[in-house]
Amino acid sequence: MASRGSVGVLVVADPGLPMRRCRGIRDRLEATLADVLGAPVRVHLRTELIRIDPDDTLDVSDVKRLSVEYEDVQIILMVTEIPRHGHGRPLVAEVLVSDGVGIVSLPTLGAGATARRLLRVLTACALQMRGQRCGPRTGEGSLRWARWADAPENSNRLLRARRVAGGARTVLGMVLTNDPWRMVPKLSSALAAAAAAGAFGVFYNSIWQMSAALSPFRLAVISTLAICVIVAWLLIGNRLWDRPAHASLAEVILLYNLSTVLTLVLCVVALYVSLTVIILLSALIVIDPDFMSEVLGFPAEFSNYVDIAVLSAALGTVAGALGSSFDRDADIRRLTHGRRERQRINAADGEGSAEERGR
């Protein structure tokens, strides 16, 4: 039972990073809301895949249905990984006055200090829903990167970011919600193929001589080209590049594609660095310095081992691209916002739901 005069807040978050962020700030959110609302606050957390209606609007009916399970809920907040866009600018948050629901788009908060920004935006949404305007004490001054405005077509309140800076922040936030570091293990087939091909650099002295003859600039160019090759292979081979169905969606789809490319680049760079380290350690163990000096015609140094590892990793990465793929189709859906968003459209009730009730 809720205590008399207390305020119940239901936070419904998408699975994955949105829920992890909400779970991490729950105690602070309760304390902050209790301070600004002047009443005890209890925050309930719920994980639910927030659906998208055929008209590309977020479906709040399921969220309102969930709220009846908590008798003291007065404020409903949704946190989605969907990058929202409205009137040519990133839509950080929207308060649906008629439905009594606040929606926050996590990617629009950017990649840095997301938990702190999420806390401020959720607090601001709660105050908007209570008919209050934020002040300096509640973090209005800290939201210099976004401004509240009335929706021109209805009574909703919109928190919109600046077009250019907000767009860049949204792309970085989308990369973060793609969880690129969790996707690196999914490229195990590419790493295996690249390691097998790169191992030739340890045993063939022609590669030793070639790496010694190349300047650091040329090695850097070769490494960059190798990374671009495997990124392009993954992008095209797995059909990860989205095309807008309508001209009005071109700007949003561009954000999707940029986040996909950046996510792949991070994954491949991590793969390349791992491969370089593996080959370097192997070379240090296998190749005798005196024998390398005899082959090269001058005293071998540690930098020569590094050059061999860098060149071999580049050659192995290109060869590994031929065998690179994700282990399961689910991995592809996890990687890109476009695939995950299509997964939501007309999703069956209750699909992908899990629950975390209040303490």
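What you see is a predicted model; the values in this text were computed from it and never measured.

## Here we look at the overall build of the protein chain
- Looking only at helices and strands, one finds 14 helices and 9 strands in the protein chain.
- For the protein chain, with 359 residues in total, the buried portion stands at 51%.
- Within the protein chain, contacts between residues at least 6 apart in sequence are counted, and of these 76% link residues at least 24 apart.
- Summing over all exposed atoms, the protein chain offers an accessible surface of approximately 16600 Å²; the carbon and sulfur share of this is 59%.

## Brief notes about helix H4 (residues 163–177)
- Look at H4: 20 Å from first C-alpha to last across 15 residues, which is about the 21 Å you get at 1.5 Å a residue.
- Those residues of H4 lying buried are Gly-166, Gly-167, Arg-169, Thr-170, Val-171, Gly-173, Met-174, Val-175 and Thr-177.
- Looking at the residues trailing H4, positive phi occurs at Asp-179, about 50°.

## Points about the environment of Ala-194
- You can see Ala-194 is positioned in helix H6 (residues 188–198).
- Through-space distance from the C-alpha of Ala-194 to that of Val-318 is 7.4 Å; in sequence the pair is 124 residues apart.

## Some thoughts on the confidence of the model for the protein chain
- Per-residue confidence for the protein chain averages 79 on the pLDDT scale, and 78% of its residues sit at or above 70.
- Confidence over residues 135–141 falls short of pLDDT 50; this stretch has 8 contacts with residues more than four positions distant or in other chains.
- Contacts from residues 346–359, a stretch scored under 50 in pLDDT, to residues over four places away or in other chains number 33 contacts.

## Points about a nonpolar patch on the surface
- On the surface, a nonpolar cluster with roughly 500 Å² of combined accessible area is contributed by Val-269, Val-273, Val-277, Leu-281, Leu-284 and Phe-302.
- Tallying contributions element by element places helix H10 (residues 250–286) first for the nonpolar patch, with 5 residues.
- Turning to its location among the elements, Val-273 is positioned in helix H10.

## Regarding the pattern of salt bridges
- The final tally for this structure, using the stated rule, is 3 salt bridges.
- Note that Arg-46 and Glu-69 form a salt bridge whose closest N and O atoms lie 2.9 Å from each other. With Arg-46 in strand S2 (residues 41–47) and Glu-69 in the loop between helix H2 (61–67) and strand S3 (73–80), the pair connects residues that are 23 residues apart, well separated along the chain.
- On the basis of relative accessible area, Arg-46 is assigned to the buried category, the value being 8%.
- One salt bridge in this structure joins Arg-84 and Glu-94, with 2.9 Å as the shortest N-O distance. In this pair, Arg-84 sits in the loop between S3 and strand S4 (85–86) while Glu-94 sits in strand S5 (residues 89–96), placing the two residues 10 residues apart along the sequence. Comparing Arg-84 with Glu-94 shows no difference in burial state: the two are buried.

## Overview of the packing of aromatic side chains
- Inspection of every chain in the model, using the stated rule, returns 1 aromatic pair.
- Look at Trp-208 and Phe-291: their rings are 5.7 Å apart centre to centre, the planes differ by 85°, and that puts the pair in the edge-to-face class. Highlighted residues: Trp-208 in helix H8 (residues 205–213) and Phe-291 in helix H11 (residues 289–296), separated in sequence by 83 residues.
- Accessibility expressed as a relative area gives 4% for Trp-208, which makes it buried.

## With respect to the nonpolar core
- If you look at the biggest cluster of nonpolar residues, it comprises 38 residues, and the most contacted ones within it are Val-9, Val-11, Leu-118 and Val-121.
- Listed by contribution, the elements that provide at least two residues to this core are strand S1 (7–13), helix H1 (17–37), S2, S3, S5, helix H3 (114–129), strand S7 (146–150) and strand S8 (157–161).
- Among the nonpolar cores identified, the runner-up in size contains 32 residues, and Leu-214, Leu-235, Leu-296 and Ile-308 belong to it.

## Comments concerning the environment of Leu-122
- Mapped onto the secondary structure, Leu-122 falls in helix H3.
- Considered as a pair, Leu-122 and Met-78 are 44 residues apart in the sequence and their alpha carbons are 9.1 Å apart.
- Setting aside its immediate chain neighbours within four residues, Leu-122 contacts Ile-25, Leu-29, Leu-77, Val-79 and Val-104.

## With respect to the pairing of strand S6 (residues 101–105)
- Within S6, 5 of the 5 residues are buried, leaving the element largely enclosed by the surrounding structure.
- With burial as the criterion, each face of S6 is covered, one bearing Val-101, Ile-103 and Ser-105 and the other bearing Gly-102 and Val-104.
- In the sheet, S3 pairs with S6 via 5 bridges, with the strands oriented parallel. Residue pairing in the sheet places Leu-77 in a bridge with Gly-102 of S6.
- Relative to S6, S5 runs antiparallel, the two sharing 4 bridges. The partner of Val-95 across the bridge, within S6, is Gly-102.
- In textbook terms, the turn of a hairpin is the stretch between consecutive antiparallel strands, and for S5 and S6 this stretch comprises 4 residues, one of which, Gly-100, has a positive phi near 70°.

## Structural notes on the side chain of Ser-67
- When you line up the elements, Ser-67 lands in helix H2.
- Judged by its relative accessible area of 12%, Ser-67 is buried.
- For Ser-67, the residues in contact, after removing those within four places along its chain, are Leu-10, Val-73 and Ile-76.

## As for helix H9 (residues 216–237)
- The end-to-end C-alpha distance of H9 is 31 Å, a good match for the 32 Å that 22 residues give at a rise of 1.5 Å each.
- Among the residues of H9, those classed as buried are Leu-219, Ser-223, Ala-226, Ile-227, Ile-230, Val-231, Leu-234 and Leu-235. Down the axis, H9 shows its buried residues gathered within 165° of arc, on one side only. Away from the buried face of H9 by more than 90 degrees, exposed residues Phe-217, Arg-218, Leu-225 and Ile-236 are located.
- Of the residues flanking the end of H9, it is Arg-239, one or two places downstream, whose phi is positive at about 55°.

Definitions and cut-offs
- Residues numbered from 1 in each chain as written.
- Predicted model: local features only at pLDDT ≥ 70, side-chain atom pairs only at ≥ 80, totals over all residues.
- Heavy atoms only, no water.
- Helix = DSSP H or I, 4+ residues; strand = E, 2+ residues; numbered from the N terminus.
- Buried < 20%, exposed > 50% of the residue type's maximum accessible area, 1.4 Å probe, protein only.
- Contact = heavy atoms within 4.5 Å.
- Areas by Shrake-Rupley, 256 points an atom, 1.4 Å probe, with all protein chains shown as cover.
- Expected span 1.5 Å × (residues − 1).
- pLDDT = per-residue confidence, 0-100.
- Patch = residues over 30% accessible without salt bridge, like charges linked within 9 Å, V, L, I, M, F, W, Y side chains within 5 Å.
- Salt bridge = Lys/Arg side-chain N within 4 Å of Asp/Glu carboxyl O.
- Phe/Tyr/Trp six-rings, centres within 6.5 Å; stacked < 30°, edge-to-face > 60°.
- Core = buried A, V, L, I, M, F, W, Y, C linked by side-chain atoms within 4.5 Å.
- Pairing = 2+ DSSP bridges.
- Arc of directions from axis to C-beta.

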